[in-house]
Amino acid sequence: MITRKQFLKGIYGTDTAVLTSPYGAPRPNGRIHVGEDADDITGDHPRLYAPYNCIVTHVRNDLVDDRGKFLEIKIGTWYIIMQHDFEIRVRDGQRLEAGSLLGLQGGSGKAINQYRSHLHYEFAKYPYGDPRRKAINPVLYFYPFFTPPKYLVKTVIVSGLR
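Residues numbered from 1 in each chain as written. Predicted model: local features only at pLDDT ≥ 70, side-chain atom pairs only at ≥ 80, totals over all residues. Heavy atoms only, no water.

**Some points on the overall build of the chain**
Stage number 1. Counting its regular elements, the chain contains two helices and nine strands.
Stage number 2. Listing each helix as α and each strand as β along the chain from the N terminus yields α-β-β-β-β-β-β-β-β-β-α.
Stage number 3. Per-residue burial over the chain gives 44% buried out of 162 residues.
Stage number 4. As displayed, the chain offers around 9100 Å² of accessible surface, 54% of which is attributable to carbon and sulfur atoms. (Helix = DSSP H or I, 4+ residues; strand = E, 2+ residues; numbered from the N terminus. Buried < 20%, exposed > 50% of the residue type's maximum accessible area, 1.4 Å probe, protein only. Areas by Shrake-Rupley, 256 points an atom, 1.4 Å probe, with all protein chains shown as cover.)

**Here we look at the environment of A50**
Stage number 1. Tracing the chain through its elements places A50 in the loop between β3 (47-49) and β4 (54-60).
Stage number 2. Classification of A50 as buried rests on a relative accessible area of 0%.
Stage number 3. Spatially, the C-alpha atom of A50 lies 6.3 Å from that of L102, the residues being 52 residues apart in sequence.

**A word on the side chain of H120**
Stage number 1. As for its placement among the helices and strands, H120 is situated in strand β9 (residues 119-124).
Stage number 2. At 2.9 Å, the side chain of H120 and the side chain of E122 are in polar contact.
Stage number 3. Non-local contacts of H120, meaning those with residues more than four positions away in its chain, are made with H33, G35, E36, D37, I81, M82, Q83 and H84. (Polar contact = N/O pair within 3.5 Å; in protein donor to acceptor, adjacent residues only side chain to side chain. Contact = heavy atoms within 4.5 Å.)

**A look at the side chain of E72**
Stage number 1. When you line up the elements, E72 lands in strand β5 (residues 69-75).
Stage number 2. On the accessibility criterion, E72 (1% relative accessible area) is buried.
Stage number 3. Ignoring any residue separated from it by four or fewer positions in sequence, one finds E72 in contact with I55, V56, T57, H58, Y79, I80, I81, Y126, P127, Y128 and R133.

**What to know about the confidence of the model for the chain**
Stage number 1. Looking at the chain as a whole, the pLDDT averages 83, with 84% of positions reaching at least 70.
Stage number 2. Mean pLDDT across the secondary structure elements of the chain bottoms out at strand β2 (residues 36-40), with 86, and peaks at strand β7 (residues 95-96), with 96.
Stage number 3. In this model, residues 154-162 is a region of pLDDT below 50 whose contacts with residues beyond four sequence positions or in other chains number zero contacts. (pLDDT = per-residue confidence, 0-100.)

**Describing the nonpolar core**
Stage number 1. In terms of nonpolar packing, the biggest core is built from 30 residues, with F7, I73, I80, M82, L102, Y121 and F142 touching the most fellow members.
Stage number 2. Contributions of two or more residues to this core are made by α1 (4-12), β4, β5, β6 (78-88) and β9. (Core = buried A, V, L, I, M, F, W, Y, C linked by side-chain atoms within 4.5 Å.)

What follows is the structure in structure tokens.
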């Protein structure tokens, strides 16, 4: 099992990332939040990293709707979309190792009018554009079934023990 904090550390590469809005949080329009929002409190455009080995399945660098610039990665059988990016440094079809740079967090799309930039991410079983796509609660369906990426687990070697 991976914790949300470990997952965020995988994305940001630091322990300073915080969850700012969980899945299911109420919205002013009566709907619920269908993703999670996070922010690295150390700056406006922190780097975003691939939390696991993955394939980039979609990149959009325009600002035509609320999502702003976004990318989608596939980890195993899961798709994770990352929205409101400032700068994307990967391309469609690119295979990445865990810890590879994806881009920079931003405030594009609907986030442009908010007080600071953040990352909105959603988990789904189907890719962007598929009519069957529906965001799922990662606390129930993703985090319990993944282990922390190996590069996040500290290995302690103790010598001289018998």
